[in-house]
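# Survey of secondary and tertiary structure
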Amino acid sequence: MKTPAEYLQCPVFELTYPTGEAAESVPVVAYTDALRAVEAALADAEKYKYLLMRALRRNRAESAVGPALVPPASGVREFSIRPSTPVFPLYPDEQAA
């Protein structure tokens, strides 16, 4: 990934006061150059987003297929988790619907 400064392929000037004195060392670039740098950064962000989403989909597909192929081990008993206190529905009328 690039750093923000690597997107600027243009001259960078130092801001000065009308007297010619340097003003707080603020770098200045032309508007069109800044706009071009932002567009390049957004294009790279879209590319990285696409690659990340593709990797996540591939990982999810592999993890969904992987455990299904493994047969259950013999001698392992199944269990269910039961809460020690009773659980009541938050909206009992909704349960009947």
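So, a few notes on the structure that sits alongside this text. (Residues numbered from 1 in each chain as written. Predicted model: local features only at pLDDT ≥ 70, side-chain atom pairs only at ≥ 80, totals over all residues. Heavy atoms only, no water.)

Along the protein chain, the regular secondary structure elements total two helices and two strands. Each helix and strand of the protein chain, ordered N terminal to C terminal, gives the series β-β-α-α. Looking at the 97 residues of the protein chain, the share that counts as buried comes to 6%. Within the protein chain, residue pairs in contact and separated by at least 24 positions form 27% of the contacts whose partners lie at least 6 positions apart. On the protein chain, roughly 9,300 Å² of surface is accessible, and the fraction owed to carbon and sulfur atoms is 62%. (Helix = DSSP H or I, 4+ residues; strand = E, 2+ residues; numbered from the N terminus. Buried < 20%, exposed > 50% of the residue type's maximum accessible area, 1.4 Å probe, protein only. Contact = heavy atoms within 4.5 Å. Areas by Shrake-Rupley, 256 points an atom, 1.4 Å probe, with all protein chains shown as cover.)

Along the chain, D33 falls in helix 1 (residues 31-69). The buried category is assigned to D33, whose relative accessible area is 16%. One polar contact links D33 to R36, side chain to side chain, over a distance of 3.2 Å. Among all residues touching D33, those that are not within four sequence positions of it are L8, C10 and P11. (Polar contact = N/O pair within 3.5 Å; in protein donor to acceptor, adjacent residues only side chain to side chain.)

For L8, the location among the structural elements is in the segment before strand 1 (13-16). Residue classification places L8 among the partly exposed residues on the basis of a relative accessible area of 28%. Separated by 28 residues in the primary sequence, L8 and R36 place their C-alpha atoms 8.1 Å from one another. In contact with L8, not counting residues within four places along its chain, are V29, D33, A34 and A37.

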